[in-house]
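Each chain is listed here by its residues.
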Amino acid sequence: MISIRVAALATALHCLAPPAGSQAWDRPVRGSWVAAPPYAREATILAAGGAGCEIVVSGSENSAVLQAANFLSADIERISGYRPPIVSQPSSGRVTIRLVTVGNAALPAAIDSAALRGKWESYQIATTDSAVWLAGSDSRGTAFAAYTLSEHLGIDPLYLWTGYAPPRTNPLVLKQTRFASGAPTIRYRGFFHDDEDILPRPFEVSGYPLRIGDVPLAWYARFFETALRLRMNMVAPYTRAHRRHEVQKLASDWGLFYTSHHYDVLLSNPFGITRFNLARERGVSPVWDWFGNRDGMVEYWRAGARENRDLNVVWPVGMRGTDDHSYAFPPGMTDSARNAVFRDVIRTQLEIVKDLVPAATRPPFHFTMYTEMLDRYRADPKAFDLPRDVIIVWPDNNDGRMRALPADRGVWKHGMYYHLAYFGAERTMQSAHVVSPSVVAAEVGKGIDAGATEFLLVNVSELREFVMEGRMIAEIAWDARTALSGPDPAARYVRWWSAEYFGTPAAAEAAEFYERYHALMNKPADTWSASNAFAGILDRAYRAAAGEPSSAVPADTLALLRKRSADIRQAIAIAARVRQKTSRAQGRYFFEHAELPLLVQLRHADAALLIAAGLHSPTRAAFWSAMRSAMVPLETLETEISRAESPPFDGWYRRTWIRRELTPFNLHRPYEQLRVFLASDGRARLIEPPEWRRLSEQEVRRFFPAH
């Protein structure tokens, strides 16, 4: 196959100048490099009928590049129906897509090798007579070139979550392209898949996901692929799950740095010290005591470093307990003495890694100042005397607002730990996105302005509910100057997102909906306000059913519910107009991502108002009629939740701590509460579970005999 030669030249010029990356949020991205007839002379055929190009990856390339080629080949097949073969040497007379890292092969004049050499994750894309060149300054840069090409050919980086399928295009013809991307704003940037509340696993009797269980590898692969397509280079998989080496090795083989939680020092898995018998396997005492078992703790950390030393790793350092709580110092120990311990611990951890990991792969370290560590560090930074090769990571308040940032960077590099998802006191920020794009732009922007650009770890839980803001953060992390330019980058992003994901005809109304959504869901408590009010009103119904006197529902509670119901109905009316202008797939995703969190609030508010209206009915028959009518909005919500559980999200909101019959944490608890109330004529309440506790040893054997 050779380049198409036709007279028209105008469309060939479209990509000659380096186009803005997707983070400019000012034009369509998916499919924007696909040529339409009449084809320009310089355009390149990637697929035509059952034939097409081949993808060339030499044996000297890193596994990350080969994995990107595999994804690219599958992407072209998804678009055109033709799957390009991956070869190590080009065939004669065929169009080729060549993935080349600087120094591994000769590059054409269309690639500015000098501009790439020595840079971090930079890349260029260029078409020549019969080839498409994807060239990177390093292996990740080369891989990112492939992911960029895939998106511009039509693949949604979030397709695993949005369900987007590109339109079939055959022939698939690429416009003449010159694209260059410099080094990213933030060096290490990634997603932390925390809290494990939804993914398919058994559950403890307390309702908490079984913390010694296995998350299927397919889910990790989905997370890792999404991170790569968003040009993230780091992942932190679960800390409260059975950790298999295959998971972190998969991440590393695909080109991702593997890191972990702030208490998972040196990736040694303190959570598994007794749960997975790691102390016994490593030949040390399980007592987590620096003063009574220092040698055992050091050996425990050393085993974690030894296990992961051949992987791409950003090493966590610090000192906390084995279950994400502060370290228990002896009573009466002074702050000065505690700080001396922290210094000793961190320097010991650095020595362990440097002793085990070759100097040529100079390992980075991060010290995340979460909860008590932030106050301790801010009280006396000099007392910690952190080594220069430790990245100081500043946390937010778990709600997307930065708690602190460096006023004086000193000799250290700095980073951020940020939450889009969080399991808080009210089990909030788990089933709905509440950290708005405007908050993301402001708070992450503050961190970048403060120089916290070496590291960014974003807690996204199971990711599905947080892809909108997750993508925004990824693109800010790649090119903050472009993304945050102008007077209102968040509004620009929402307008772009609305057009990109729901189409130009629906874009304006989709953006209007999101504006209302973020006004209604602008803090974690907003996700539970209606259901909390429902619980209080239902309690009055129990007393009324028993013939006991019941005080009136406070007027301000009723006013809040009425206003919330009215405001949400206005937003849902806009959503209905959006879906009228979208495809079936777009409308389904809009419902799942945007409407459902508001519908949860609306149905709970309506049910609460119906119960409140029936509390002082003149007859018992009227009272019970009102109670039964309150089930209608809750049954409607039951159907709506089911709509959002299409594959691969089967049972997504069901047997979890968000939605489980016998826990106080579920998304649709009012449905279960009122059902029990009606079934028992007001005599029985929904049974509460016992206090949180770990499984007993007998229960562990019953659920997981192998562990």
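Residues numbered from 1 in each chain as written. Predicted model: local features only at pLDDT ≥ 70, side-chain atom pairs only at ≥ 80, totals over all residues. Heavy atoms only, no water.

A. Here's a closer look at the overall build of the chain. Across its full length, the chain carries 23 helices and 17 strands. Each of the 707 residues in the chain was classed as buried or not, and the buried ones make up 61%. Within the chain, counting contacts between residues at least 6 apart in sequence, those at least 24 apart form 75% of the total. A total of about 26,500 Å² of accessible surface is found on the chain, and carbon and sulfur atoms cover 52% of it. (Helix = DSSP H or I, 4+ residues; strand = E, 2+ residues; numbered from the N terminus. Buried < 20%, exposed > 50% of the residue type's maximum accessible area, 1.4 Å probe, protein only. Contact = heavy atoms within 4.5 Å. Areas by Shrake-Rupley, 256 points an atom, 1.4 Å probe, with all protein chains shown as cover.)

B. Spotlight on the sheet that holds strand E2 (residues 51–52). As summarised here, the arrangement of the 3 strands in space is E2-E1-E8, forming an open sheet in which the pairing is antiparallel. The outermost strands of the open sheet, each flanked by one partner alone, are E2 and strand E8 (172–174). Summarising the sheet, strand E1 (residues 44–48) and E2 pair through 2 bridges and their orientation is antiparallel. Note that in E2 the partner of Ala 47 across the bridge is Gly 52. (Pairing = 2+ DSSP bridges.)

C. Spotlight on the confidence of the model for the chain. Of the residues in the chain, 89% have a pLDDT of 70 or more, and the chain-wide mean is 88. Long-range and interchain partners of residues 1–20, a stretch whose pLDDT sits below 50, account for 56 contacts in this model, where long-range means more than four residues apart. Counted against residues more than four places away or in other chains, residues 689–707, with its pLDDT under 50, gives 39 contacts. (pLDDT = per-residue confidence, 0-100.)

D. Representation of the pattern of salt bridges within the structure. Summed over all chains, the structure comprises 43 salt bridges. Linking Arg 347 and Asp 385 is a salt bridge whose minimum nitrogen-to-oxygen distance equals 3.0 Å. Remark: Asp 385 occurs in the loop between helix H12 (381–384) and strand E15 (390–395) and Arg 347 occurs in helix H10 (residues 335–356); sequence separation between them is 38 residues. The partly exposed category is assigned to Arg 347, whose relative accessible area is 33%. Look at Asp 385 and you get partly exposed, because its relative accessible area is 40%. We note a salt bridge from Lys 563 to Asp 567, for which the minimum N-O separation is 2.6 Å. Linking Lys 563 with Asp 567, this pair stays in helix H19 (residues 555–580), spanning 4 residues, or about one helical turn. Accessibility expressed as a relative area gives 52% for Lys 563, which makes it exposed. Linked through salt bridges whose partners overlap, the residues forming this network are Arg 30, Glu 151, Asp 156, Arg 471 and Glu 475. (Salt bridge = Lys/Arg side-chain N within 4 Å of Asp/Glu carboxyl O.)

E. Seen up close, the sheet that holds strand E7 (residues 131–136). Read from one edge to the other, the open sheet built from 6 strands follows the order E4-E3-E5-E7-E6-E9, with strand pairing classed as mixed. The sheet is open, and its two edges are formed by strand E4 (86–87) and strand E9 (178–181), each paired on a single side.

F. View of the side chain of His 518. If you trace the backbone, His 518 turns up in helix H17 (residues 504–520). Overall, His 518 belongs to the buried group, its relative accessible area being 11%. Contact partners of His 518, with chain neighbours within four places excluded, come to His 433, Ser 436, Pro 437, Met 468 and Glu 469.

G. Up close: the pairing of strand E16 (residues 414–419). Across the 6 residues of E16, 6 count as buried, placing the element largely inside the fold. Here E16 shows no split at all, with His 414, Met 416 and Tyr 418 on one side and Gly 415, Tyr 417 and His 419 on the other all buried. Summarising the sheet, E15 and E16 pair through 4 bridges and their orientation is parallel. Across the sheet, Pro 395 pairs through a bridge with Tyr 417, a residue of E16. Of the strand pairs in this sheet, E16 and strand E17 (residues 455–459) are connected by 5 bridges, and their pairing is parallel. Among the inter-strand pairings, His 419 is bridged to a residue of E17, identified as Asn 459.

H. Up close: the packing of aromatic side chains. Counted according to the given criterion, the structure contains 43 aromatic pairs. Taking the centre distance of 6.2 Å and the plane angle of 80° together, the rings of Phe 513 and Tyr 514 count as edge-to-face. Owing to a relative accessible area of 0%, Phe 513 belongs among the buried residues under this scheme. Exposure remark for Tyr 514: the relative accessible area of 0% places this residue in the buried category. Taken together, Tyr 327, Phe 329, Phe 342, Phe 367, Tyr 377, Phe 384 and Trp 394 form an aromatic cluster joined through their ring pairs. (Phe/Tyr/Trp six-rings, centres within 6.5 Å; stacked < 30°, edge-to-face > 60°.)

I. Local environment of the pairing of strand E6 (residues 123–127). Summarising burial for E6: 5 of the 5 residues are buried, a large majority. Side chains Tyr 123, Ile 125 and Thr 127 of E6 all project onto a buried face; the interleaved residues Gln 124 and Ala 126 project onto the opposite face, where all are buried too. The pairing of E6 with E7 spans 5 bridges and is antiparallel. Bridge pairing links Thr 127 to Val 132 in E7.

J. Just the nonpolar core, in detail. Among the nonpolar cores identified, the biggest contains 173 residues, and Ile 97, Leu 134, Phe 224, Trp 301, Tyr 418 and Trp 497 are the most heavily contacted of them. Other than its neighbours up to four places away in sequence, Phe 224 contacts Val 235, Pro 237, Val 247, Leu 250, Ala 251, Trp 254 and Leu 256. Counting residues in hydrophobic clusters, the runner-up holds 29 residues, among them Ala 541, Ala 626, Met 631 and Tyr 671. (Core = buried A, V, L, I, M, F, W, Y, C linked by side-chain atoms within 4.5 Å.)

K. Spatial organisation of the packing of helix H16 (residues 489–502) against helix H20 (residues 584–614). Direction vectors running N to C along H16 and H20 enclose 135°, while the axes themselves pass 9 Å from each other. On the basis of their axis angle, the class for H16 and H20 is oblique. Contacts between H16 and H20 involve Trp 497, Tyr 501 and Phe 502 from the former and Gln 586, Tyr 589, Phe 590 and His 593 from the latter. The class makeup of the residues in the contact of H16 with H20 is 5 nonpolar, 2 polar and no charged. (Axes fitted to C-alpha atoms, helices over the stretch in contact; angles between N-to-C directions. Parallel < 35°, antiparallel > 145°, perpendicular 65-115°, else oblique. Nonpolar A, V, L, I, M, F, W, Y, C, P; charged D, E, K, R; others polar.)

L. How the structure looks around the environment of Lys 446. In this fold, Lys 446 is placed in helix H13 (residues 437–449). A relative accessible area of 43% means that Lys 446 is categorised as partly exposed. Reaching out from Lys 446, the side chain makes a polar contact with the side chain of Glu 443 at a distance of 3.1 Å. (Polar contact = N/O pair within 3.5 Å; in protein donor to acceptor, adjacent residues only side chain to side chain.)

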